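Below are the chains, spelled out letter by letter.
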Amino acid sequence: MSDKHPMSADEWDELNFPRAEVQEFDRVVERAISRRGFLGGVLTFGSGAAVMGAGLLKGSTALAQGSSRFAFENLPAQTDSTIHVPDGYSWDILVRWGDPLFSDAPEFDPELGIPTEGSDRVFGENTDGMELFSIDGREILVVNSEYTNNEINLVGSAGTETEGQAEETTVASADAVLRLQQFQGVNVLEIEEGPSGWSVVVDSPYNRRIHHNTPMMIDGPAAGHALLQTEADPTGTESLGTFNNCGAGRTPWGTYLTCEENFNGYFGATEGLPTDEQIAAGYQRYGINETGFDYNYHQFDTRFDVSMNPNEPHRAGYIVEIDPADADSTPVKRTALGRFKHENAACTLANDNRVVVYMGDDERGEFIYKWVSRDAYEEGGDTSTLLTEGQLYVAVFNDDMSGEWVALTEEATGMSAAEIAIFTRTAGSAVGATTMDRPEWVAVNPTAVEAYCCLTNNSRRGVENDAGEVIANAGGDPMVLNAPNPREANDYGQIVRWRPAGEDHGSDGFDWDLYVMAGNPAAEEAPYDGSETINAGNLFNSPDGMQIDTTGLIWIQTDGDDSNEGAFEGMGNNQMLAGDPETGEIRRFLTGPKGSEVTGLTWSSDRRTMFVGIQHPGAPFPDGEGALPRSSIVVVKRNDHEVLG
Ligand code: FEO
Ligand code: CA
Ligand code: CA
């Protein structure tokens with residue numbers, strides 16, 4: 001399929017969106033950085049003082065010089081093994097990996113963890129995207145468990161090749177595979193706030209573990225296609241498990257969207273890879289190979305052995321819809337929203353109430369997508385086809401700060417509807433989508449018609465290989481510098497923002513700018529020094545998780561280099577910051593324990609509690625010396641119990 005559109009993305013872009021003859025790249029970048037772009041070029045930052053520009057931020061109110069909407073002081077960077085929040089706030093643990101969701105769950109052993117039997121009755125490993133739903137007056141938290149760490153999760157498993165904690169633990173038994181499969185997926189848990197704080201309601205009828213063997217329905221253009229048929233499921237419509245559940249989303253009708261990211265890592269081959277040309281090309285584009293990551297499922301569970309089940313990987317990499325109100329419901333894989341390394345799914349409505357879902361594909365040089373439903377959402381109406389019937393688009397960002405959502409149609413791509421749904425990356429390449437620096441979470445601003453996407457980093461952006469060619473993504477699209485991704489060997493990341501044409505998320509056109517370029521102000525060269533809104537007090541790298549609260553503050557979570565050395569000196573541990581797009585000001589709010597990533601954020605229904613995910617802490621957090629480190633969700637509250645935002 002790759003030779004149907006022999007032009008590279010950049011050649012296509014050049015042909016369809018010719019650049020002005022004189023356009024010096026640095027000036028393009030400078031203009032794209034928000035204060036000189038969207039905001040009209042009159043803003044000054046640094047001390048937090050700001051004068052609004054042309055007032056393009058819908059609903060914005062001009063702020064007096066020196067005023068700030070933040071209720072907290074900037075938190076200094078931290079390098080220790082616990083959590084910090086600003087004065088006036090406190091944090092506590094809600095739930096840790098291995099905590100029981102059911103009273104028949106095995107008890108967590110601080111040195112051994114949880115045995116295989118019962119590993120599907122506890123809170124899973126490596127918390128990530130989450131959403132809270134208020135259902136019949138109860139608070140139901142739905143949380144992803146993205147992946148596992150062999151050296152932590154397999155202690156004491158029969159057949160593993162080490163005992164106790166070790167640098168490397170090999171998955172060497174069906175028991176170990178089953179344990180890992182059951183620690184991952186999605187958790188549904190009722191929580192409640194009592195006099196001593198928030199806790200899990202053990203045995204709630206809402207509680208549920210969805211893991212790598214949970215039955216799923218497959219829906220949309222790929223459902224039933226020959227490429228999804230397996231010996232165990234000749235219909236190609238029923239699969240088992242959801243994989244590498246990274247970010248999340250929520251629909252207006254109260255369902256949870258879990259996003260399958262690095263699904264490729266679970267597959268391997270005992271007797272060689274498939275040779276069919278189309279399948280092999282797909283494997284190459286999505287990174288499916290003979291060894292996979294270190295899960296080693298394929299040695300003990302033939303479903304993951306692509307020598308025997310070449311189509312099984314085509315059944316992963318989707319957005320999966322889960323009904324948190326019904327613990328017996330079957331999750332649905334919505335193939336119409338494309339197959340790629342889905343980060344999250346940010347839902348909003350077009351002006352005519354069609355459903356819009358923005359999605360990033362987190363791999364170097366991959367793309368940003370948008371789904372628009374065919375039908376309008378009606379409260380209380382039939383929502384069953386809103387993620388099935390509609391159109392998938394991919395983003396083209398032009399250097400002149402305009403952009404276009406290009407429809408992935410059969411005509412535009414030369415692919416069938418099913419092929420577009422299964423090999424979505426190839427479809428994006430075919431229409432000249434813009435290569436991005438690893439699109440992570442997208443967030444839609446509820447107070448303005450705009451959306452943001454974290455472009456976390458891309459060490460290969462603009463870098464040449466031994467042959468002197470700029471390194472390409474796996475589809476052959478060279479990752480040349482472009483205006484939204486302007487930094488060579490981009491270690492720090494940036495956040496791109498777009499405003500849809502006609503103030504309508506359903507429209508095909510948009511304008512864009514860079515909300516912030518992360519960086520180190522100590523760097524001598526732009527743009528490595530970051531935006532002017534970055535200073536010695538709030539510097540960070542690798543923005544990843546993101547949510548925008550009801551007041552329009554942007555909460556940014558990081559998953560980056562926490563060495564606090566060299567180019568990263570002063571950034572400290574991974575963290576959560578808040579940005580005010582009206583002033584440009586960014587303040588650090590929370591720091592995670594050393595080694596952890598801060599990912600996943602939601603609020604209680606009364607907005608007085610914030611739930612924040614702490615993934616893969618490096619130190620024995622939170623149980624202390626001698627105990628296994630445990631991924632955890634923490635609650636953060638104001639000490640005066642006021643609303644957080
Ligand atoms: Fe699971 Fe791209 O983060
Ligand atoms: Ca992420
Ligand atoms: Ca990341």
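Residues numbered from 1 in each chain as written. Chains lettered and ligands numbered in written order. Predicted model: local features only at pLDDT ≥ 70, side-chain atom pairs only at ≥ 80, totals over all residues. Heavy atoms only, no water.

(A) Summary view of helix α5 (residues 277–286). I279, G282, Y283, R285 and Y286 are the residues of α5 that are buried. Burial along α5 is one-sided: seen end-on, the buried residues are contained in an arc of 165°. For α5, exposure combined with an orientation more than 90 degrees from the buried face picks out E277 and Q284. The secondary structure elements touched by the buried residues of α5 are α7 (417–422) and α8 (424–430). The opening residue of α5, the one whose side-chain oxygen lies 3.0 Å from the backbone nitrogen of Q278, is D276. Where α5 terminates, the next one or two residues include G287, which has phi positive at roughly 75°. (Buried < 20%, exposed > 50% of the residue type's maximum accessible area, 1.4 Å probe, protein only. Helix = DSSP H or I, 4+ residues; strand = E, 2+ residues; numbered from the N terminus. Arc of directions from axis to C-beta. Contact = heavy atoms within 4.5 Å. Polar contact = N/O pair within 3.5 Å; in protein donor to acceptor, adjacent residues only side chain to side chain.)

(B) Molecular detail of the nonpolar core. If you look at the biggest cluster of nonpolar residues, it comprises 56 residues, and the most contacted ones within it are V357 and M359. When contributions to this core are tallied by element, the ones reaching two or more residues are α4 (174–183), β10 (256–260), α5, β14 (354–360), β15 (368–376), β16 (390–397) and α7. If near-sequence neighbours (up to four positions away) are discounted, M359 is found in contact with I319, L337, F340, H342, N344, A345, F367, I368, Y369, W371, L392 and V442. Of all hydrophobic cores here, the second largest spans 26 residues; its members include M401, V442, V444 and F510. (Core = buried A, V, L, I, M, F, W, Y, C linked by side-chain atoms within 4.5 Å.)

(C) Structural detail: the sheet that holds strand β22 (residues 543–548). An order of β22-β23-β24-β25 is seen for the four strands of this open sheet, with the pairing classed as antiparallel. Edge strands, defined here as strands with exactly one partner in the open sheet, are β22 and β25 (586–591). The mean angle between the axes of side-by-side strands here comes to 25°, regardless of whether they run parallel or antiparallel. (Pairing = 2+ DSSP bridges. Axes fitted to C-alpha atoms, helices over the stretch in contact; angles between N-to-C directions.)

(D) Structural view of a negative patch on the surface. Taken together, the side chains of D491, D561, E565 and E569 make up a negatively charged region of the molecular surface. Position of E565 relative to the elements: it lies in the loop between β23 (554–558) and β24 (575–579). Taking the relative accessible area as the measure of exposure, E565 reaches 55% and is therefore exposed. (Patch = residues over 30% accessible without salt bridge, like charges linked within 9 Å, V, L, I, M, F, W, Y side chains within 5 Å. Areas by Shrake-Rupley, 256 points an atom, 1.4 Å probe, with all protein chains shown as cover. Salt bridge = Lys/Arg side-chain N within 4 Å of Asp/Glu carboxyl O. Lys, Arg positive; Asp, Glu negative; His and termini not counted. Charge placed at Lys NZ, Arg CZ, Asp CG, Glu CD.)

(E) Fine view of the coordination of the calcium ion (ligand 3). Donor atoms from the polypeptide that coordinate the calcium ion (ligand 3) comprise E440 (OE), D544 (OD) and D559 (OD), at 2.3 to 2.4 Å from the metal. Within one chain, the residues donating to the calcium ion (ligand 3) are spaced in sequence as E-x103-D-x14-D. A distance of 3.9 Å spans the gap from the calcium ion (ligand 3) to the calcium ion (ligand 2), which E440 bridges by coordinating each metal. With a gap of 104 residues between them, E440 in strand β18 (residues 439–444) and D544 in strand β22 connect regions that are remote in the sequence. Per residue, the accessibility class of E440 equals that of D544, and both read buried. (Donors = N, O, S within 2.8 Å, 3.2 Å for Na, K, Ca; no water.)

(F) Quick look at the coordination of the calcium ion (ligand 2). Every protein donor of the calcium ion (ligand 2) is accounted for by E343 (OE), E440 (OE), D544 (OD) and D544 (OD), and the metal-donor separations fall at 2.3 to 2.8 Å. Within one chain, the residues donating to the calcium ion (ligand 2) are spaced in sequence as E-x96-E-x103-D.

(G) Seen up close, the environment of T435. Residue placement: T435 occurs in the loop between α8 and β18. The exposure class of T435 is buried, given its relative accessible area of 3%. In sequence terms T435 and P478 are 43 residues apart; their C-alpha atoms lie 7.9 Å from each other. Filtering out sequence-adjacent residues up to four positions away, T435 remains in contact with G365, E366, F367, R461, N473, D477, P478, M479, N482 and N485.

(H) A look at the packing of aromatic side chains. Considering all chains together, one arrives at 33 aromatic pairs under this definition. Ring geometry for F243 versus F304: centroids 5.7 Å apart, planes at 80°, classification edge-to-face. Here the residue F243 occupies a position in the loop between β8 (238–240) and β9 (245–250), and F304 occupies one in the loop between α5 and β11 (319–322), the gap between them amounting to 61 residues. Overall, the relative accessible area of 0% leaves F304 in the buried class. Aromatic rings pair up to connect F243, Y266, F267, F293, Y295, Y297 and F304 into one cluster. (Phe/Tyr/Trp six-rings, centres within 6.5 Å; stacked < 30°, edge-to-face > 60°.)

(I) Representation of the pattern of salt bridges. Per the stated rule, a full pass over the model turns up 31 salt bridges. We note a salt bridge from R315 to E312, for which the minimum N-O separation is 3.5 Å. For the pair R315 and E312, one class covers both residues: buried. Notably, a salt bridge pairs E321 with R334, separated by 2.8 Å at the nearest N-O pair. With E321 in strand β11 and R334 in strand β12 (residues 332–334), this residue pair connects regions lying 13 residues apart in the sequence. Judged on exposure class, the residue E321 and its partner R334 are both buried.

(J) Region of the structure containing the confidence of the model for the protein. Considering every residue of the protein, the mean pLDDT works out to 91; 89% of them sit at 70 or more. Taken as a whole, residues 1–23 scores under 50 in pLDDT and shows 35 contacts with residues more than four places along the chain or in a different chain. Contacts of residues 40–65 to residues separated by more than four positions or lying in other chains number 49 contacts, the stretch itself having pLDDT below 50. (pLDDT = per-residue confidence, 0-100.)

(K) The arrangement of the sheet that holds strand β1 (residues 89–96) in detail. Strand order across the open sheet formed by four strands is β1-β28-β27-β26, with antiparallel pairing between neighbours. Looking at which strands have only one partner, the edges of the open sheet turn out to be β1 and β26 (597–603). Strand-to-strand twist of the sheet, defined as the mean angle between neighbouring strand axes without regard to direction, takes the value 25°. Examined bridge by bridge, β1 and strand β28 (residues 632–638) share seven bridges and lie antiparallel to one another. Across the sheet, S90 pairs through a bridge with K637, a residue of β28.

(L) Focus on the layout of surface pockets. Of the pockets and cavities examined, the largest pocket occupies roughly 660 Å³. For the largest pocket, the lining is made up of 29 residues, of which E131, R250, C347, Q547 and I548 are closest to its centre. Broken down by secondary-structure element, the contributors of at least two residues to the lining of the largest pocket are β2 (127–135), β9, β13 (346–349), β18, β22 and β26. Tallied by class, the residues present in the lining of the largest pocket amount to 15 nonpolar, 10 polar and four charged. (1 Å grid on protein atoms, 1.4 Å probe; cavity = no way out; pocket = protein on both sides within 12 Å on 5 of 7 lines; lining within 4 Å. Points joined across faces, edges and corners; volume = space filled by probe spheres on them. Nonpolar A, V, L, I, M, F, W, Y, C, P; charged D, E, K, R; others polar.)

(M) Region of interest: the environment of W512. Secondary-structure assignment places W512 in strand β21 (residues 509–517). Residue class for W512 comes out buried when judged on its relative accessible area of 0%. In sequence terms W512 and P500 are 12 residues apart; their C-alpha atoms lie 8.6 Å from each other. Within polar-contact distance, the side chain of W512 engages the backbone oxygen of N398 at 2.9 Å. Side-chain polar atoms of W512 contact the backbone oxygen of S402, separated by 3.1 Å.

(N) Main features of α4. α4 sits mainly inside the fold: seven of its 10 residues count as buried. Of all the residues in α4, the buried ones are A176, V177, R179, L180, Q181, Q182 and F183. In this structure, the buried side of α4 is in contact with β3 (138–145), α3 (150–153) and β6 (208–210). Once α4 ends, the next one or two residues include G185, with phi positive near 120°.

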